[in-house]
Amino acid sequence: MRRQFGETRSAMARRHALISADSHEATPMPGWPGSRIVVAISPQMGAQFSQFFAGMPEGAIGRAPADGVERFVFVLEGVVSLQTGARTERLEPEAYALVPAGMAHEIRAETAARLLVLEKRFVPLAGAADPELVTGTVDAQPQRVMSEDGLLAVRKLIPADERFDCEVNVMEFQPGGSLPYVETHFVEHGLLMLDGSGIYRLEDAWYPVAEGDTIWMGPYCPQWFGALGATPSRYLIYKNWNRDPL
Ligand code: UGY
Ligand code: MN
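Numbers given for residues are sequential positions, taken from 1 along each chain in its written order. Chain labels run from A onward and ligand labels from 1 onward, assigned in the order the entries are written. Local features in this predicted model are restricted to residues of pLDDT 70 or higher, and side-chain atom pairs are both shown and tallied only at a pLDDT of 80 or more, whereas totals for entire chains, interfaces and linings draw on every residue.

Going by the annotation in an unreviewed UniProt entry, the name recorded for the protein is (S)-ureidoglycine aminohydrolase, with Hoeflea halophila given as the source organism.

Following this line, the structure appears as structure tokens:
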């Protein structure tokens with residue numbers, strides 16, 4: 001990308017956005033003193049959640065979001081501790097946590113760290129119990145094959161029951177693997193390319209994408225991905241889930 005000529009792969013459309021790292025813009029964020037915050041997805045573009053990167057120097061603190069907001073944290077680099085009441089979890093790269101709305105907590109960078117953070121207003125479900133704190137690591141989750149050719153597999157990071165109003169999955173594509181069809185659905189997605197590269201179809205545009213790219217897919221954004229290159233591709237993908245659209 002030739003930045004001196006004003007070029008970028010970042011693109012904004014009605015139902016989708018691609019944000020490549022060359023166009024990241026840091027902003028201050030209450031609750032994250034001293035951290036480098038880059039908001040990649042936000043309600044300002046039409047999303048009903050926010051997704052940001054937090055670059056934390058060693059010793060930096062991240063405080064809880066506003067009341068009613070749940071938070072998913074994924075460690076990209078470094079080590080953080082997550083303190084909720086008397087419980088402290090150590091999170092290393094590929095570890096994650098879903099902190100329910102209203103749960104007091106603090107994130108502390110034990111080393112310089114880089115996090116992906118997703119936040120949304122929790123949608124309670126009448127009759128369902130309150131969600132609990134979820135923590136885990138990607139490789140500890142079972143891998144389910146999703147395509148007849150065996151080239152696509154998924155790991156689900158959040159329990160599938162109705163207490164939870166969202167899903168976060170890691171989709172893993174062997175070279176040449178693809179989504180089996182062009183999806184169109186009412187749920188939206190926040191996506192981060194973790195490894196590899198490929199072509200993402202979003203609405204009527206096809207984009208080359210690679211590790212570090214963020215994608216927002218709004219409701220009904222036609223979507224398809226095909227993995228390219230000699231090594232597997234992986235992405236982390238959020239969706240609102242388990243709730244009636246009405
Ligand atoms: O779960 C999903 O909707 C997922 N298969 N979508 C996607 O990868 N774009
Ligand atoms: Mn989808």
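**Re the pairing of strand E20 (residues 214-217)**
On E20, burial covers both faces: Thr 214 and Trp 216 on one face and Ile 215 and Met 217 on the other are all buried. Bridging between strand E17 (residues 189-195) and E20 involves 4 bridges; their strand directions are antiparallel. Looking across to E20, one finds that Leu 192 is bridged to Thr 214. Our exposure labels follow a C-beta count within 10 Å of each residue's own C-beta, placed from the backbone: buried means 20 or more other C-beta atoms, exposed means 12 or fewer, and partly exposed covers the counts in between. Counting from the N terminus, the helices are DSSP H or I runs at least four residues long and the strands are E runs at least two residues long. Criterion used throughout: strands pair if DSSP finds at least two bridges between them.

**Side note on the pairing of strand E18 (residues 197-202)**
Of the two faces of E18, only the one carrying Gly 198, Tyr 200 and Leu 202 is buried; Ser 197, Ile 199 and Arg 201 on the other face are not. Of the pairings in the sheet, the one linking E18 to strand E19 (residues 205-210) comprises 6 bridges and is antiparallel in character. Bridging from a neighbouring strand, Tyr 200 pairs with Tyr 207 of E19. Counting the residues between successive antiparallel strands, the hairpin from E18 to E19 contains 2 residues, one of them, Glu 203, with a positive phi of roughly 50 degrees. Relative to strand E21 (residues 223-228), E18 runs antiparallel, the two being bridged by 6 bridges. Residue pairing for E21: Ser 197 is matched across the bridge by Leu 228.

**Comments concerning the sheet that holds E19**
Strands sit in the order E19-E18-E21 across an open sheet of 3 strands; the sheet is antiparallel. Two strands bound the open sheet, and with one partner strand each, they are E19 and E21. Averaged over all neighbouring strand pairs, the angle between strand axes comes to 20 degrees, with direction disregarded. Axes here refer to lines fitted to C-alpha atoms; in helices the fit is confined to the stretch in contact. Angles between the N-to-C directions go from 0 to 180 degrees.

**Remarks on unusual backbone geometry**
Glycine aside, negative phi is the norm for most residues, and most peptide bonds take the trans geometry. Within the chain, Glu 94 stands out as a residue other than glycine whose phi angle is a positive 80 degrees. Structurally, the position occupied by Glu 94 is in the loop between strand E9 (87-91) and strand E10 (95-99). According to the C-beta neighbour criterion, Glu 94 is partly exposed, with 16 such atoms within 10 Å. A positive phi is found at Asn 242, a non-glycine position, where the angle reads about 65 degrees. Structurally, Asn 242 is set in the segment after strand E22 (233-240). Its 18 C-beta neighbours within 10 Å are what place Asn 242 among the partly exposed residues.

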